[in-house]
Amino acid sequence: MHGLQPADSAEAMAAAAAALRSGQLVVFPTETVYGLGAHALDEQAVRRIFAAKRRPADNPLIVHVPDVDAARKLAASWPAEAERLAAAFWPGPLTLVLPRTPHVPDATTGGLDSVALRVPSHPVAQRLLREAGVPLAAPSANRSGRPSPTRAEDAFADLGEDVALVLDAGPTTVGVESTVVSLLGPTPVLLRPGGVSRERLEAVVGPLAEAAADDARRSPGMRYRHYAPRARLRLASASRLADIVQEEHASGAKVAVVASTESGQHGPHVRVPGSRADGDAWARALFALLRDLDAAGYDAIVVEEILEKGVGAAVLNRLRKAAEP
Ligand code: TXA
Ligand code: MG
C-alpha cells in the first residue's frame, strides 16, 4: 500500500504503523500541520527525514508520543513546570524542550543534549502512535523552506515520492505549528510561538522569558528561511495596506491581497481569513492560502499585519519569516 490513503481505513493505519516500525517514512495528520514521521529512536529512519526534506542535519526534530508517561521516559528530568504545562495543554499544540535520556539518538536532536517532546491531540496521530508503539520524530511535512502543509495533498505534492504513504484526514484545525517552550533553564523560554498562545501559557507558569539571540543556537530551526511561498510576500500595517497594494500594481506585478474583514478590501484578488483580532482563523487559513496563491501564479502577495495577540502572534512570526528576503 502506498500513496495518499484515507486515515479512516484500518488497513491504511496498519500499513502506516508497520512501515514506521520498520524504519520507513509516513506522513500523518496532527492538529497543527501534517508531519513527516519516522521511528524517533532509529537513527537510520531519522536520517531519511533529513534526506527527504533536504533539511540541515543540525536542525533537531520534535519527538511525538501518545501521553505524558511516554514523554517522561525520554526526558532525563521532569521539572514542576513540565508537569503543569503537560497537565494544562497535552494532548495539544505545545512542545517542551527537556534534557534527553541516552535512548534518544543524536540524529534526532541534532547532537543537542536536549529533546523536544509533544503529545499531539489529533485522533489519527494518537491512534498511529499507539499502533506503531514507538515515538515518532516528525517535522512539518513540507520540503524545507516551503509553507507547512495543512492538507494531505500539500504534503503529498512536496514529499509523496519519498514516503511509504500519506494518511489523509482532511485539513488540520490549528494550522500553525506547536508552540516550543524550553524548560532547560530556571525560567521557561518561548522558543517558537505557535498553537498555544503566550497568554495561555503564562496563565499556567507565569512570565516566559524571551528567546534571546543566543537561544537561536538552542532552537536551531529559528535560523533557517521558512514558510515562504514562491511569490514575493510583503507584510503591510493596516494603515499602509492600500498604498503597498498600489505600489505593487504600479510595478506591473500580478498582486494578491490577504486582509482582515475590517480592511474593507474586496475583489477577485483579495482573500479574507477573518477579523484582524481572530488569530485562530488566520492560523487555520494561512499556509493553504499561500500555497493556493502560488499555484494561481501571483508575483506578489501583500498581507495585512494582524494583531499580535493570542495565536495571532504565531501568524505574524510565520509571515515575518516568509517576508524575509
Ligand atoms: O506542530 C508541530 O510542532 C509540527 C507537527 C508535525 O507536530 N512539527 C514541527 O516540527 O513543526 P519542525 O521540525 O518543523 O519544527 C521543530 C522546531 C524547530 O524550530 C526546532 O529547532 C525546534 O523545534 N527544536 C527541536 N528540538 C529542539 C531542541 N532540542 N532544542 C531546541 N529547539 C528544538
Ligand atoms: Mg517546519
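Residues numbered from 1 in each chain as written. Chains lettered and ligands numbered in written order. Predicted model: local features only at pLDDT ≥ 70, side-chain atom pairs only at ≥ 80, totals over all residues. Heavy atoms only, no water.

### What about the sheet that holds strand S12 (residues 232-236)?
Then, number 1: One open sheet accounts for 4 strands, arranged S12-S15-S13-S14; its pairing is parallel. The sheet is open, and its two borders are formed by S12 and strand S14 (270-271), each paired with just one other strand.
Then, number 2: Pairing of S12 with strand S15 (residues 300-304) involves 5 bridges; the strand directions are parallel. Bridge pairing in S15 places leucine 233 opposite isoleucine 301.
Then, number 3: Running at roughly 130° to S12, helix H11 (residues 312-323) makes contact with S12 and S15 of the sheet. (Pairing = 2+ DSSP bridges. Helix = DSSP H or I, 4+ residues; strand = E, 2+ residues; numbered from the N terminus. Contact = heavy atoms within 4.5 Å. Axes fitted to C-alpha atoms, helices over the stretch in contact; angles between N-to-C directions.)

### Some points on the pattern of salt bridges
Then, number 1: Under the criterion given, the structure shown has 18 salt bridges.
Then, number 2: With a shortest N-O distance of 3.8 Å, arginine 130 and aspartate 67 are connected by a salt bridge. Of the two residues, arginine 130 is situated in helix H6 (residues 123-132) and aspartate 67 in the loop between strand S4 (62-64) and helix H3 (68-74); the sequence distance between them amounts to 63 residues.
Then, number 3: You can call aspartate 67 partly exposed: its relative accessible area is 28%.
Then, number 4: Note that glutamate 247 is salt-bridged to arginine 234, the shortest N-O span being 3.0 Å. (Salt bridge = Lys/Arg side-chain N within 4 Å of Asp/Glu carboxyl O. Buried < 20%, exposed > 50% of the residue type's maximum accessible area, 1.4 Å probe, protein only.)

### What about the pairing of strand S8 (residues 165-168)?
Then, number 1: Across 4 bridges, strand S1 (residues 3-6) lies against S8 in parallel orientation. Across the sheet, residue proline 6 finds its bridge partner in S8, namely aspartate 168.
Then, number 2: Note that strand S2 (residues 26-28) and S8 share 2 bridges and pair parallel. By the bridge assignment, valine 27 is partnered in S8 with valine 166.

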